[in-house]
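# Reading the structure
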Amino acid sequence: MKAAIVGGGVIGGGWAARFLLNGWDVAVFDPDPEAQRKIGEVIENARRSLPSLYDRSLPEEGQLIFHASLSDAVQGAAWIQESVPERLELKHKVLGNLTDLAQSDAVIGSSTSGFKPSELNRDGGRAIVAHPFNPVYLLPLVELVGEKSETERAANILRDIGMYPLIVRKEIEAHIADRLLEAVWRESLWLVKDGIATTAEIDEAIRMGFGLRWAQMGLFETYRVAGGEAGMKHFMAQFGPALEWPWTKLMDVPEFTEDLVDLIAGQSDTQSGHMSIRELERLRDDNLVGLLRSLKKSGSGAGGVISSHESALPHSASASLPITGDRQIPQSWTDYNGHMNEAYYLEAGAAATDRFMELIGADADYVAAGQSYFTVENHLRYLDELKEGERLIITTQVLEGEGKRMKLFHFLKNADSKLAATMETLLLHVDLNSRSSCPPGANVASRLGTFAAKHKNLPLPEGAGRYVGQRSQVG
Ligand SMILES: NC(=O)C1=CN([C@@H]2O[C@H](COP(=O)(O)OP(=O)(O)OC[C@H]3O[C@@H](n4cnc5c(N)ncnc54)[C@H](O)[C@@H]3O)[C@@H](O)[C@H]2O)C=CC1
Ligand SMILES: C[N+](C)(C)CC(=O)CC(=O)[O-]
């Protein structure tokens, strides 16, 4: 599949990375002579962060091509994303050209933060609004506005690349999220202008408090909980009157005088000027990956989107030993020594055991029906360093698979097939109701038996059966 990115700045670069890392070929058209360098840097950031959200590998990267002509860029594209600056006359010109050049079944999306489809298409265009959030390669939300069947078609494509399409029921300036953001932005500008708070203090007010809540429950669910046992009605009775006092400046907009711009830009330099924009982007991305990975555990908010995208990604396969893990090492798995922390070798090995259980039919349904395996012993050997962003591939050999016992040997290798660790793990089959060991069901026993019989012909892996501190036999 091919996507064409028209305008490759902050947002176009993010779109390019999102499509590319999900296996699409990407063609870019942007007259800026620096566009290739800038997009290259955004894609580098995306490569170190997006795959770290997943415990499976993403599809192989597509091809990235820069074109000097708009018609070459859009030729054969199934998705065309316009991300030129937010000026209506420019959007009209570009979207008009795109309507003429695009293949008839291509989705044409506009990244516009505020214009409505009826404004964008005034000169005969056929674009829908596909409004993303920065960084586009990590944040799933895309607000879709436009004709129903077109937005539904677009939503399916966006889900396939791990995004969360939110179809907006009626067109309105600034859609949903930017209306909310603008209210916070407007109030913040007043607080700085009136000398109430600095940019740094406002950012602390957000990130030390409600910013943390919003990522996992949003506004209404958070306030429902804040109403205590009496819930939303009590919350509204208690805080409703304050809306009329009012606490806020509502629609007043402070004039962007030179003084106000200097004040805000100066405070922002004091607050964050010690880091370059690229460094700030990497800090933001690492934090987002950590937050999103936590949300993934509970399936909350954007974490649920990543889990459902992950479950649609194919597992890697091999002819010899089964592949039970194929993933990128997230930055959050590394430690003060600059490599993957020992605890995460166990996490990766445990995930490989879970995957092997699925392969023999001891999957989520089997567990829900009351049977499972418990790990009773592990032996991990740390043989080589693994670094942030490296690919980790795990294969598994069955050493024993009879009756209640299942002994597995996981090989943890990097992309160059260098062995970084081994994990030998002994599990017992259990009845989850009685919490005691028992033989597995016939299907699981048979599938495990097939693996065990096949792997019996393989040599015993070097290191199998070792105890802690055993001296090396070599040399
Ligand atoms: N920056 C943000 O936080 C967000 C921006 N948006 C929207 O995305 C769109 C783009 O914004 P940014 O990426 O921030 O702007 P930007 O200024 O970073 O990038 C715009 C790019 O468009 C290119 N361009 C200008 N004229 C062009 C033309 N005729 N054909 C092709 N390329 C052209 C420029 O060279 C530049 O690289 C706007 O509509 C904006 O409202 C949406 C979500 C967030
Ligand atoms: C400031 N902005 C209106 C361009 C912001 C957006 O449109 C969305 C975002 O990523 O914050």
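Residues numbered from 1 in each chain as written. Chains lettered and ligands numbered in written order. Predicted model: local features only at pLDDT ≥ 70, side-chain atom pairs only at ≥ 80, totals over all residues. Heavy atoms only, no water.

Under an unreviewed UniProt entry, the protein has the name L-carnitine dehydrogenase and belongs to Roseibium porphyridii. Per UniProt, the protein has the following entry under Subcellular location (unreviewed entry): "Cytoplasm". Quoted verbatim from the Function (unreviewed entry) field of the UniProt record, the comment on the protein reads "Catalyzes the NAD(+)-dependent oxidation of L-carnitine to 3-dehydrocarnitine." (UniProt positions renumbered as here; feature names shortened; annotations may be inferred.)

A few words now on the nonpolar core. In this structure, Trp 15, Phe 19, Trp 24, Leu 53, Trp 79, Leu 144 and Leu 158 are the most contacted members of the largest nonpolar core, which totals 41 residues. Broken down by element, this core gets its largest block of residues, six residues, from helix H1 (residues 10–21). Ignoring any residue separated from it by four or fewer positions in sequence, one finds Phe 19 in contact with Ala 3, Ile 5, Trp 24, Val 26, Trp 79 and Ile 161. In terms of nonpolar packing, the next biggest core, distinct from the first, is built from 21 residues, Ala 4, Val 6, Ala 77 and Leu 120 among them. (Core = buried A, V, L, I, M, F, W, Y, C linked by side-chain atoms within 4.5 Å. Buried < 20%, exposed > 50% of the residue type's maximum accessible area, 1.4 Å probe, protein only. Helix = DSSP H or I, 4+ residues; strand = E, 2+ residues; numbered from the N terminus. Contact = heavy atoms within 4.5 Å.)

Attention now goes to the site of ligand 2. Near ligand 2 you find Ser 113, His 131, Phe 133, Asn 134, Asp 178 and Leu 181, and these make up its full shell. Residue Asn 134 places a main-chain N or O atom 3.0 Å away from an oxygen atom belonging to ligand 2. Here Asp 178 contributes a side-chain N or O atom positioned 2.7 Å from an oxygen atom of ligand 2. The fraction of the free accessible surface of ligand 2 (320 Å²) that becomes covered by protein chains is 52%. Within the shell around ligand 2, the residues separate by chemical class into two nonpolar, three polar and one charged. (Near = heavy atom within 4 Å. Polar contact = N/O pair within 3.5 Å; in protein donor to acceptor, adjacent residues only side chain to side chain. Areas by Shrake-Rupley, 256 points an atom, 1.4 Å probe, with all protein chains shown as cover. Nonpolar A, V, L, I, M, F, W, Y, C, P; charged D, E, K, R; others polar.)

Turning our eyes to something else, we now look at the layout of surface pockets. Space inside the second largest pocket adds up to approximately 830 Å³. Surrounding the second largest pocket, 36 residues form its lining, Asp 55, Lys 296, Glu 310, Ala 351 and Asp 354 being those nearest its centre. Those elements giving two or more residues to the lining of the second largest pocket turn out to be helix H12 (277–298), helix H13 (301–312), strand S9 (323–328), helix H14 (342–359) and helix H15 (364–368). Counting residues per element, the lining of the second largest pocket draws most heavily on H14, which supplies nine residues. Class assignment for the residues of the lining of the second largest pocket results in twelve nonpolar, eleven polar and 13 charged. Here the lining of the second largest pocket spans two domains, and each of domain 1 (2–175) and domain 3 (315–455) adds at least three residues to it. (1 Å grid on protein atoms, 1.4 Å probe; cavity = no way out; pocket = protein on both sides within 12 Å on 5 of 7 lines; lining within 4 Å. Points joined across faces, edges and corners; volume = space filled by probe spheres on them. Domains from an automatic or database assignment.)

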